[in-house]
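Residue-level structural notes
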Amino acid sequence: MKVLITCPPMLGLMDEFKPLFAAKAIEVDCPTVVQTLSVEELKSLIPQYDGWIIGDDPATREVFQNGKSGKLKAAVKWGVGVDNVDFTAANELGILVANTPRMFGAEVADIAMGYVIALARQTFMIDRAVRAGTWLKPAGISLGDKTVALVGFGDIGRNTAKRLLAADMGVIAYDPYFQAVEGLEAVQPAAWPARLEEADLIVLTCALTSENRHMLNSETLAKAKPGVRVINVARGPLIDEAALVEALSSRQVHSAALDVFEMEPLPEASALRQFEQCIFGSHNASNTVDAVRRASYQAMHLLFDFLGCA
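None of the values given here were measured: they were computed from a predicted structure.

**Some words on the overall build of the protein**
The helix and strand inventory of the protein stands at 11 helices and 12 strands. A compact globule built from 310 residues should have a C-alpha radius of gyration of about 19 Å, and the protein, at 21 Å, falls within 12% of that. If one aligns the C-alpha atoms of the protein with their principal axes, the spans along those axes are about 60 × 45 × 35 Å. A sequence separation of at least 24 residues applies to 63% of the contacts in the protein between residues at least 6 apart. Carbon and sulfur atoms form 52% of the exposed surface of the protein, whose accessible area is close to 14,000 Å². Across the protein, the centroid of the 28 positively charged side chains sits 3 Å from that of the 37 negatively charged ones.

**Observations concerning the layout of surface pockets**
Leftover empty space is mapped by rolling, across the atoms, a probe with the size of a water molecule. Of the voids in this model, the second largest pocket is the one considered here, and its volume is about 320 Å³. If you go around the second largest pocket, you meet 16 residues; those closest to its centre are Asp56, Asp83, Pro237, Glu262 and Glu264. Tallied by class, the residues present in the lining of the second largest pocket amount to 5 nonpolar, 5 polar and 6 charged.

**A look at the sheet that holds strand E5 (residues 96-99)**
Spatially, the 5 strands line up as an open sheet ordered E2-E1-E3-E4-E5, and their pairing is parallel. The sheet terminates laterally at strand E2 (27-29) and E5, the two strands that pair on one side only. Each strand axis lies, on average, 15° off the axis of its neighbour in the sheet, ignoring direction. Pairing of strand E1 (residues 2-5) with strand E3 (residues 51-54), which is carried by 3 bridges, proceeds in the parallel orientation. Paired with isoleucine 5 across the bridge in E3 is isoleucine 53. Sitting on the sheet, helix H11 (residues 289-306) touches E1, E3, strand E4 (74-77) and E5, and the angle it makes with E4 is about 165°.

**Details of helix H4 (residues 61-69)**
Within H4, burial applies to Val63, Phe64 and Gly67. What you see down the axis of H4 is that its buried residues fit within an arc of 95°, all on one side. The inward-facing, buried residues of H4 abut helix H3 (39-45), E3, E4 and helix H5 (87-92).

**Examining the packing of aromatic side chains**
Inspection of every chain in the model, using the stated rule, returns 7 aromatic pairs. Centre to centre, the rings of phenylalanine 21 and phenylalanine 304 are 5.3 Å apart; their planes meet at 80°, and the pair counts as edge-to-face. Taken together, the residues span a long stretch of sequence, with phenylalanine 21 in helix H2 (residues 14-23) and phenylalanine 304 in helix H11 at a distance of 283 residues. Phenylalanine 304 carries the same exposure label as phenylalanine 21, and that label is buried. Both rings, one in phenylalanine 261 and one in phenylalanine 280, keep their centres 5.6 Å apart while their planes meet at 70°; by these two values the pair is edge-to-face. Placement of phenylalanine 261 in the loop between strand E11 (253-258) and strand E12 (279-280) and of phenylalanine 280 in strand E12 is noted, with a sequence separation of 19 residues between them. Under the relative-accessibility criterion, phenylalanine 261 is labelled buried at 5%.

**Re the environment of glutamate 211**
Here glutamate 211 is to be found in the loop between strand E9 (201-204) and helix H9 (218-223). We classify glutamate 211 as exposed; its relative accessible area is 67%. Separated by 194 residues in sequence, glutamate 211 and phenylalanine 17 place their C-alpha atoms 38 Å apart. Polar side-chain contacts of glutamate 211 include one of 3.2 Å to the side chain of serine 210.

**A short note on the pairing of strand E6 (residues 147-151)**
Of all the 5 residues making up E6, 5 are buried; the element is thus mostly covered by neighbouring parts of the structure. The alternating pattern of E6 places Thr147, Ala149 and Val151 and Val148 and Leu150 on opposite faces, both of which are buried. With 5 bridges connecting them, E6 and strand E7 (residues 170-174) associate as parallel partners. Paired with valine 148 across the two strands is valine 171, which belongs to E7. Note that the unit made of E6, helix H8 (residues 155-166) and E7 has a crossover that is right-handed.

**Quick notes on unusual backbone geometry**
A cis amide bond links tryptophan 192 to the next residue, proline 193, at an omega of 0°. Its location among the elements puts proline 193 in the loop between strand E8 (188-190) and E9. Cis geometry is adopted by the peptide bond preceding proline 265, which originates at glutamate 264 and carries an omega value of -5°. Mapped onto the elements of the fold, proline 265 is located in the loop between E11 and E12. Not every positive phi belongs to a glycine, and arginine 195 is a case in point at roughly 70°.

Calculation notes
Residues numbered from 1 in each chain as written. Predicted model: local features only at pLDDT ≥ 70, side-chain atom pairs only at ≥ 80, totals over all residues. Heavy atoms only, no water. Helix = DSSP H or I, 4+ residues; strand = E, 2+ residues; numbered from the N terminus. Rg over C-alpha atoms; globule rule 2.2 N^0.38 Å. Contact = heavy atoms within 4.5 Å. Areas by Shrake-Rupley, 256 points an atom, 1.4 Å probe, with all protein chains shown as cover. Lys, Arg positive; Asp, Glu negative; His and termini not counted. Charge placed at Lys NZ, Arg CZ, Asp CG, Glu CD. 1 Å grid on protein atoms, 1.4 Å probe; cavity = no way out; pocket = protein on both sides within 12 Å on 5 of 7 lines; lining within 4 Å. Points joined across faces, edges and corners; volume = space filled by probe spheres on them. Nonpolar A, V, L, I, M, F, W, Y, C, P; charged D, E, K, R; others polar. Pairing = 2+ DSSP bridges. Axes fitted to C-alpha atoms, helices over the stretch in contact; angles between N-to-C directions. Buried < 20%, exposed > 50% of the residue type's maximum accessible area, 1.4 Å probe, protein only. Arc of directions from axis to C-beta. Phe/Tyr/Trp six-rings, centres within 6.5 Å; stacked < 30°, edge-to-face > 60°. Polar contact = N/O pair within 3.5 Å; in protein donor to acceptor, adjacent residues only side chain to side chain. Right-handed = clockwise from strand over helix to strand, strands pointing away.

Written out as structure tokens, the structure is:
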């Protein structure tokens, strides 16, 4: 049997994982992937493989149909987010498919909290200035008594709330499936975008769906407190980037920390690049050696089970 792996973090540890595939008599292919492969690349590759461990690639109906016309029997989406995977098409085609939820809650929350501190205290601006030979001393804002609009209260959201509360911040959580959690009783639920004018920071940690695409847009940004800080460690299309550019230009948004974008990698021509008060990531919030190892073993276990070689 043959398996294709297109998840960049997992590819980085493949020297450790290859013996596990060899022990199952599985040949594994590891192409060079910066962020994702294209639909056309996947359509060409996938029919050759019995299994596929998916990164953020466009695992569309068309791609799965091509896979089904060849050898593809099973696929596992590495990680939590599944907006790039057409699970309905895979199921209709008889391709076994799953993801690996609850793998990165703490790791992504750590990055979210790091961004909260960085935007509040402008530590990144200070770093840039010192490297350039100047001695910048901006006045930041204290975290205590500030309010965060936390979008998403799943594994990542709850871990983020724990860190925000530890910093004496107020948390308003937006999640249609909100459930109270022991130890997080101080978190106040609300329906988006109610109470957005109370928030000093907006932190996005939710899954992307057809209903919440561009939920942070011109209308909702206008409701926010002037000078609000925006953090996204979830999915890029949750934010209408054109609206965010306008809000940054008008200073309705003070600054933004974005680990994800509508198009990845971030295009050279993106208007977001003009704002020195912003921090950009590379869709890397979950990427620690510990978390990658944990998710990869789970993905391999699921795939081996699907292929009958557990």
